[in-house]
Amino acid sequence: PTTIRLSEYKVPAHLVDAVDLRFELFDNGARVHSTLTVRRNPESAEEFAPLELDGDSLKLEQVILDGRELMAGNDYDETGAQLVIARVPAQFELTVVTWIEPQNNTRLEGLYKSSGMFCTQCEAEGFRCITYFPDRPDVMARYRTRIEADKASCPVLLSNGNDVDRGDLEGGRHFVTWEDPFPKPSYLFALVAGDLVEKQDTFTTCSGREIDLRIFVEPRNAAKCQHAMDSLKRSMRWDEEVYGREYDLDIFMIVAVDDFNMGAMENKGLNIFNSSCVLASQETATDLAFQRIESIVAHEYFHNWSGNRVTCRDWFQLSLKEGFTVFRDSTFSADMGSPTVKRIEDVTLLRTAQFAEDAGPMAHPVRPASYMEISNFYTLTIYEKGAEVVRMIHTLLGPELFRKGSDLYFERHDGQAVTTDDFVKAMEDASGRDLTQFRLWYDQAGTPVLTVSDVYDSERGVYSLKIQQAIPDTPGQTNKKPQHIPFALGLLGAEGEALPLRLVSTEDAASAPTERVLELTKASHTFEFHGLTQKPVPSLLRHFSAPVRLVYPWSREQLVFLMSHDPDGFNRWDAGQRLAVDVIQSLVDSSGTVDIDSRLVEAYRTLLADRTLDQALVAKMLHLPSEAYLIELADSPDVAAIHRTREQVLSHLATSLRDELVACYHRNMDDGEYEVTPESVARRSLKNTALAWLLMINDNTGRDLALQQLREADNMTDRMGALRALVNSDYAEERSQALADFYEHFQSDPQVVEQWFSVQASSDRAGQLPQIQALLKHPAFDWKNPNKIRSVIGVFAGQNLAAFHNPDGSGYSFLADQVCRLDDSNPQIAARLVAPLTRWKKFAPAYSALMRTALERIRNKAELSADLYEVVHKSLE
Ligand code: DPP
Ligand code: ZN
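Here, residues in each chain are numbered from 1, in the same order as that chain's written sequence. Each chain gets a letter, beginning with A, and each ligand a number, beginning with 1, in the order they are written. Two thresholds apply to this predicted model, a pLDDT of at least 70 for residue-level local features and 80 or more for giving and counting side-chain atom pairs, whereas whole-chain, interface and lining totals are computed over all residues.

### Thoughts on the overall build of the chain
Selection criterion: Per the convention used, a helix needs a DSSP run of H or I reaching at least four residues, while a strand needs a run of E reaching at least two, with both numbered from the N terminus. This radius of gyration counts C-alpha atoms alone. The globule rule is 2.2 Å times how many residues there are, raised to the power 0.38. Using C-beta atoms placed from the backbone, we call a residue buried if 20 or more other C-beta atoms fall within 10 Å of its own, exposed if 12 or fewer do, and partly exposed for counts in between. Residues are treated as contacting if the C-beta atoms built from their backbones sit within 7 Å of each other.
Along the backbone of the chain there are 28 helices and 31 strands. Relative to the compact-globule value of 29 Å for 877 residues, the chain shows a C-alpha radius of gyration of 28 Å, a close match. Summarising its shape, the C-alpha atoms of the chain cover approximately 90 × 70 × 60 Å along the three principal directions. Buried positions account for 50% of the 877 residues belonging to the chain. The contacts of the chain with a sequence gap of at least 6 include a subset with a gap of at least 24, amounting to 70%.

Structure below.
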């Protein structure tokens with residue numbers, strides 16, 4: 001595979017103004033007739049450039065240029081990956097006919113079949129698996145699409161835009177023609193054909209236009225669309241109110257597909273979703289799934305402006321649409337529920353998984369400088385760190401200027417394919433702020449480390465904070481420059497009061513703010529706070545105002561104090577996390593002598609009794625830091641010791657707080673109707689956390705409550721809460737019985753079966769390697785379905801860490817086998833699943849040698865895909 005570099009970007013030599021597509025869909029394949037209206041790009045320096053079209057896995061049948069059929073070898077050359085026509089006029093019409101086999105497409109890129117339905121996935125480079133085309137996002141065209149298929153098996157025929165013509169054809173076939181008036185890159189093309197039912201609704205936009213909304217699903221899922229429809233309408237309203245963005249077509253469609261590599265796809269007017277990210281009902285989906293669906297529906301909808309109307313010039317700019325859109329969906333979710341809880345969830349993902357990526361062999365900047373296979377760059381760095389970068393711009397500019405900036409961006413670049421730099425420039429022009437140094441966030445990889453120290457001078461009444469920043473080396477990047485970092489903080493007095501922050505002694509205490517955003521631009525800064533009569537407790541990096549690692553020598557007293565006094569809810573939670581991490585880490589290091597700090601127990605006791613604090617926050621605070629996070633924080637982590645110690649701490653907490661947990665459980669039992677409001681979600685979360693903890697004590701209290709909950713639950717959150725608690729307990733018989741009953745009850749529902757697989761694969765009790773092997777042989781497992789693969793293999797390697805890191809190396813070797821097997825059918829999935837092995841350098845020598853061996857075995861596989869090649873080779877470098 002070759003390396004593609006940002007520095008080698010050239011504008012396209014040819015532009016396509018219009019694409020006229022005709023699809024003839026059959027059981028044994030599909031014929032695609034594509035007619036392109038092409039002209040030379042006046043901005044290209046290459047006046048006599050040949051026409052180069054991308055193609056992959058196509059059978060070429062015919063090429064016609066301005067009515068004349070072209071001859072292979074004479075007029076054009078077809079290599080595996082391109083169709084090249086050496087001599088073309090300045091303007092012409094080109095028709096290309098190709099034959100493809102959707103029914104044999106296991107890569108799920110381009111046009112493929114999923115449970116009898118034809119569907120597409122074109123981002124990033126799937127359109128070239130449908131027809132020859134300049135498959136790059138800076139070639140934007142108007143599409144007209146005619147789909148012909150058997151009327152009985154494919155009554156529903158969908159594509160982008162508006163439905164302009166339909167009719168019957170001979171032989172029981174029919175057609176529908178779609179026209180999309182907005183020019184778009186090929187990655188936003190979509191087609192669906194199948195036997196689907198629809199849920200219909202309408203939305204009236206701010207200017208009074210009525211939009212037809214439709215969600216298409218297989219008939220058995222008809223009752224699972226309401227939540228997605230409600231989420232869609234809330235998203236449409238929110239984007240009008242918060243960003244001034246109105247929907248532009250007359251119809252907006254969503255289709256649910258069972259076999260899908262990603263979560264969902266924002267194709268213009270026709271979003272295609274992985275079933276697990278759109279279908280929900282009280283009986284089958286957990287609260288977490290409901291929330292996830294709301295945010296993904298919003299995310300894809302928001303792309304209509306941030307991604308579709310304004311798109312990316314090239315794939316190095318992927319974060320232009322993804323970082324911005326994740327920022328938008330996360331603000332939306334915060335507005336729909338609890339902003340503090342949403343922030344905690346986002347930061348947890350960032351610190352656990354994105355920081356790990358940023359410290360590993362695939363570390364790359366938010367705007368990468370090179371790639372081999374772009375599908376490997378749909379990463380946490382592009383999405384989540386990219387969103388943090390946009391959030392920092394929002395923090396630096398404030399909400400009004402940020403909105404001015406986004407208005408300018410959409411207005412200036414509507415209908416264009418642009419760069420992250422254009423985005424920052426719009427923010428600068430609208431606000432008058434200089435973001436030159438800030439742009440380093442896009443170019444430099446690695447997580448900055450902020451080391452903070454403080455001194456209190458009682459004579460002067462001055463508290464000084466010294467903040468130093470350093471950015472670690474990452475592959476290909478050393479000696480990095482300091483970045484521009486917004487650092488929010490407050491100072492607390494002995495009673496927990498928020499102290500005025502006076503940066504100069506003449507500042508008036510009454511008018512000084514109690515929270516400030518300091519701007520760090522140098523390797524080291526010292527800030528002085530005046531007029532303080534006592535040494536304050538600092539509340540640092542509030543709301544996680546920048547994606548950095550923060551190092552400060554907190555004492556456990558300070559952390560306990562912040563847990564109950566910090567006015568910033570996020571930092572309360574963070575103080576609790578730091579305290580728990582500190583306790584667990586010191587126990588891991590002391591190997592054996594288990595003396596668990598009573599302050600941790602008392603802090604949790606206080607939390608369990610606190611009825612005034614937002615209960616959703618309490619529920620989050622009761623979650624101990626995950627194994628994955630503890631591993632991320634450690635150098636040469638001993639996975640088994642971390643796992644064992646965390647369990648010991650949990651069981652000690654449970655035993656010490658038994659009565660409080662039982663009370664908490666009963667207090668939060670729901671009596672009324674099931675609802676997905678922040679309050680009732682918090683109650684269920686608290687109840688199920690209490691239940692999981694109670695099952696750590698082997699006195700049967702937890703077991704009996706769990707069995708009763710399983711019998712009586714009227715919703716999946718409670719069922720799953722009880723099942724998970726039992727599965728992770730020592731009650732082996734109850735575990736097997738509960739798993740068997742659950743499967744018996746839900747076996748016909750693929751989304752629930754996926755949850756059933758994950759609950760086992762993530763458990764060290766039910767997910768040891770032989771049990772995982774058995775799950776792969778289970779009748780419900782399907783090697784062609786990415787969700788099933790992820791819910792067993794992905795969850796085992798990513799969440800069942802003690803089993804995966806078995807010191808005998810069996811977990812690594814197992815993963816290598818599965819990755820090699822999957823590489824032949826679905827390289828994108830294979831390249832994603834291999835990620836846990838790529839972190840080999842982080843682990844102690846005994847582990848890392850075995851991980852490396854597994855990676856080398858994958859490297860030596862015959863016919864390695866480009867996807868897997870890039871990940872494996874880069875991680876072995
Ligand atoms: N469909 C993926 C997303 O929305 C890639 N664009 O993030
Ligand atoms: Zn996206």
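Next, the rest of the story.
### Structural notes on the sheet that holds strand 5 (residues 59–65)
The condition that has to hold: A pair of strands is considered paired only if DSSP assigns at least 2 bridges between the two.
Spatially, the 8 strands line up as an open sheet ordered 6-5-9-3-2-12-15-14, and their pairing is mixed. Across the chains shown, the open sheet's two edge strands, defined by having one partner strand only, are strand 6 (68–69) and strand 14 (162–169). The sheet contact formed by strand 5 and strand 9 (residues 91–100) spans 6 bridges and is antiparallel. By the bridge assignment for strand 9, Val63 is matched with Val96.

### Let's talk about the nonpolar core
Condition: Any nonpolar core is a set of buried residues, restricted to Ala, Val, Leu, Ile, Met, Phe, Trp, Tyr and Cys, that join up through C-beta atoms within 7 Å. Where each domain starts and ends follows an automatic or database-derived domain assignment.
By size, the foremost hydrophobic cluster in this structure holds 249 residues, and its most contacted members are Val192, Ala193, Val255, Ile272, Leu691 and Val834. Looking at this core element by element, the count peaks at 9 residues for helix 5 (residues 380–397). Inspection of this core shows a minimum of three residues originating in each of domain 1 (4–279) and domain 2 (311–443). In this structure Val192 touches Met117, Phe118, Cys119, Leu158, Val255, Leu270 and Ile272, once residues within four positions along its chain are discounted.

### Some remarks on the site of ligand 1
We count it as follows: Nearness is defined per residue: the C-beta atom, placed using the backbone, must lie within 6 Å of the molecule or strand. The residue classification treats Ala, Val, Leu, Ile, Met, Phe, Trp, Tyr, Cys and Pro as nonpolar and Asp, Glu, Lys and Arg as charged. All others, Gly included, are polar.
The environment of ligand 1 is made up of Glu123, Met262, Ala264, Met265, Glu266, His299, Glu300, His303 and Glu322. Elements represented by at least two residues in the shell around ligand 1 include exactly strand 20 (264–265) and helix 2 (287–302). Partitioning the shell around ligand 1 into residue classes produces 3 nonpolar, 2 polar and 4 charged.

### Concerning the UniProt feature "domain: Aminopeptidase N-like N-terminal" (unreviewed entry) in the chain
For clarity, the threshold we go by: UniProt positions are given in the numbering used here, feature names are shortened, and annotations may be inferred rather than shown by experiment.
In the numbering used here, UniProt assigns the feature "domain: Aminopeptidase N-like N-terminal" (unreviewed entry) to residues 89–188. Along residues 89–188 one finds 0% helix and 54% strand; the C-alpha atoms at either end are 28 Å apart.

### Some thoughts on the pairing of strand 5
In terms of strand pairing, strand 5 meets strand 6 through 2 bridges, oriented antiparallel. Note that in strand 6 the partner of Ile64 across the bridge is Glu69. Remark: 2 residues form the turn of the hairpin made by strand 5 and strand 6, two consecutive strands paired antiparallel; Asp66 in that turn has positive phi of roughly 45 degrees.

### Topic: unusual backbone geometry
A cis geometry characterises the amide bond from Glu123 onward to Ala124, with omega recorded as -5 degrees. Among the structural elements, Ala124 can be located in the loop between strand 11 (117–121) and strand 12 (141–150). The residue Leu108 is not glycine, and still its phi comes out positive at about 60 degrees. On the secondary structure map, Leu108 appears in the loop between strand 9 and strand 10 (110–114). On the basis of neighbour counts, which here come to 24 C-beta atoms within 10 Å, the residue Leu108 falls in the buried class. With a phi angle near 45 degrees, Ser636 is a residue other than glycine that sits in the positive phi range.

### Some points on the environment of Glu495
With respect to the helices and strands, the residue Glu495 is situated in the loop between strand 27 (485–492) and strand 28 (516–520). What makes Glu495 exposed here is the crowd of 6 C-beta atoms within 10 Å. Between the alpha carbons of Glu495 and Phe561 there is a distance of 9.4 Å; along the sequence they are 66 residues apart.

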